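An overview of the molecular structure
Residue strings, one per chain:
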Amino acid sequence: MIKENVLLLLNDQIELEAFSSFQYLSMCAWLDNQGFPGAAQFMARQANEEMTHMKKVFDYVMEAGGRAIVPAIPKPQEEFDGFRDVFETALAHERKVTEAIHHIVFESQANKDFTTFNFMQWYVAEQLEEESLFGTILDKIKLLDRDNSTFYHLDRELATMTGKEPSNPA
Ligand code: OFO
């Protein structure tokens, strides 16, 4: 059975993962509108991934005997100062999510809720992967000129870029 304070944090995490999805969808819309369809596709995939993260916590709470709460989602940021700002905002957001996840891990251990502690290990690994992905993209952006036209090639690369290892061909 999930401890009450851990349950509150897990429900907060449901909201944060859903908000992440909305934030990336908002970035998708901005990028598409600014003429970066590849980066928009990338953000749309991130948005879908975040929804699966939300659902995974939701399902876990129900399976572990808790009450999962469907949250109201705050409005995500809609305007950005440029291509680079989008990815800096995304990386800063992922760092915030990592902190929230580490807090749940800490509290679940402190409360001897080892089932939740074990469940959260997947998120710890996932956050490392996502911070690394956005960090890699930002490194590439920093190498580029500030002139938006030089983002054309990166935009094309982002159309197929993911944080996952390619699966082995059958
Ligand atoms: Fe859900 O992994 Fe990012 O936020």
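What this report covers is the structure whose coordinates are included nearby. (Residues numbered from 1 in each chain as written. Predicted model: local features only at pLDDT ≥ 70, side-chain atom pairs only at ≥ 80, totals over all residues. Heavy atoms only, no water.)

1. With respect to the nonpolar core
- Leu31, Met43, Phe83, Phe87 and Leu158 are the most contacted members of the largest nonpolar core, which has 26 residues in total.
- Where this core is concerned, the elements lending two or more residues are helix H1 (4–33), helix H2 (37–63), helix H3 (83–110), helix H4 (114–143) and helix H5 (152–158).
- Once you skip the residues sitting within four places of it in the chain, phenylalanine 87 turns out to touch Ala39, Phe42, Met43, Phe134, Ile137, Leu138, Ile141 and Leu158.
- In terms of nonpolar packing, the next biggest core, distinct from the first, is built from 21 residues, Leu9, Val97, Ile104 and Phe119 among them. (Core = buried A, V, L, I, M, F, W, Y, C linked by side-chain atoms within 4.5 Å. Buried < 20%, exposed > 50% of the residue type's maximum accessible area, 1.4 Å probe, protein only. Helix = DSSP H or I, 4+ residues; strand = E, 2+ residues; numbered from the N terminus. Contact = heavy atoms within 4.5 Å.)

2. Re the pattern of salt bridges
- Tallying each qualifying case throughout the model produces five salt bridges.
- Salt-bridge contacts for lysine 75 lead to glutamate 78; the nearest nitrogen and oxygen are separated by 2.6 Å.
- Lysine 75 sits in the exposed class, given a relative accessible area of 64%.
- Since its relative accessible area comes to 45%, glutamate 78 is described here as partly exposed.
- Across the pair lysine 140 and glutamate 157 runs a salt bridge whose closest N-O atoms are separated by 3.2 Å. Of the two residues, lysine 140 is situated in helix H4 and glutamate 157 in helix H5; the sequence distance between them amounts to 17 residues.
- Exposure remark for lysine 140: the relative accessible area of 29% places this residue in the partly exposed category.
- Note on glutamate 157: relative accessible area 36%, which makes it partly exposed. (Salt bridge = Lys/Arg side-chain N within 4 Å of Asp/Glu carboxyl O.)

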